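# Results of the structural survey
As a plain string of letters, each chain reads:
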Amino acid sequence: MNELTLYERIGGDAALRQLTDKFYDLVFAHELISRLFRSDKELIKEKQRLFLTQFLGGPQLYSDVYGHPMMRARHMPHTITEDDAVAWLQCMSEAVGQLPISKELKDELFDRFPRTAFFMVNT
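This structure is a prediction, so every number in the text was calculated from the model and none was measured. (Residues numbered from 1 in each chain as written. Predicted model: local features only at pLDDT ≥ 70, side-chain atom pairs only at ≥ 80, totals over all residues. Heavy atoms only, no water.)

### What about a nonpolar patch on the surface?
A grouping of Leu 43, Val 65 and Tyr 66 is seen on the molecular surface, where their side chains present a nonpolar patch of about 250 Å² in accessible area. Overall, the relative accessible area of 38% leaves Leu 43 in the partly exposed class. (Patch = residues over 30% accessible without salt bridge, like charges linked within 9 Å, V, L, I, M, F, W, Y side chains within 5 Å. Areas by Shrake-Rupley, 256 points an atom, 1.4 Å probe, with all protein chains shown as cover. Salt bridge = Lys/Arg side-chain N within 4 Å of Asp/Glu carboxyl O. Buried < 20%, exposed > 50% of the residue type's maximum accessible area, 1.4 Å probe, protein only.)

### Considering helix α2 (residues 12-29)
End to end, α2 covers 26 Å across 18 residues, agreeing with the expected 26 Å (1.5 Å per residue, within 8%). Listing the buried residues of α2 in full gives Gly 12, Ala 15, Leu 16, Leu 19, Thr 20, Phe 23, Tyr 24, Leu 26 and Val 27. Here the buried residues of α2 occupy an arc of 155 degrees about the axis, which is enough to place them on one side. Seen from the buried face of α2, the exposed residues on the opposite side, beyond 90 degrees, are Ala 14 and Ala 29. Those residues of α2 that are buried lie in contact with α1 (6-10), α3 (41-55), α6 (82-97) and α7 (103-110). (Helix = DSSP H or I, 4+ residues; strand = E, 2+ residues; numbered from the N terminus. Expected span 1.5 Å × (residues − 1). Arc of directions from axis to C-beta. Contact = heavy atoms within 4.5 Å.)

### Brief notes about the nonpolar core
Ile 10, Leu 19, Leu 56, Trp 88, Leu 109 and Phe 113 are the most contacted members of the largest nonpolar core, which has 38 residues in total. Every element with two or more residues in this core is listed here: α1, α2, α3, α6 and α7. Broken down by element, this core gets its largest block of residues, eight residues, from α6. Ignoring any residue separated from it by four or fewer positions in sequence, one finds Phe 113 in contact with Leu 52, Phe 55, Trp 88, Leu 89, Met 92 and Val 96. (Core = buried A, V, L, I, M, F, W, Y, C linked by side-chain atoms within 4.5 Å.)

This is the structure:
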């Protein structure tokens, strides 16, 4: 019997589009971390959606387009502090909170992010 992935349980692509739309509205408006997101918002959202798809157990979309994620290496050119990671997580928490899924699924989804967010800290 196949168990559904977190990607499938939260609602797949539609849920990730909703999540990335809300998340990046928050990030681009955030006083502290908006400086980290100066390029095309739509491209950033699309890259995040592709990454989250495979990060949550869906198809390997990010790797198909951009190669291995190597997320820490891709973030190294940007100065990322612990405060930045906390702010990023606050935005993600708010975005996850708006998904039309159960509290248990929201908690499970959000729990995937802190370790990765703090792994990006490089200063």
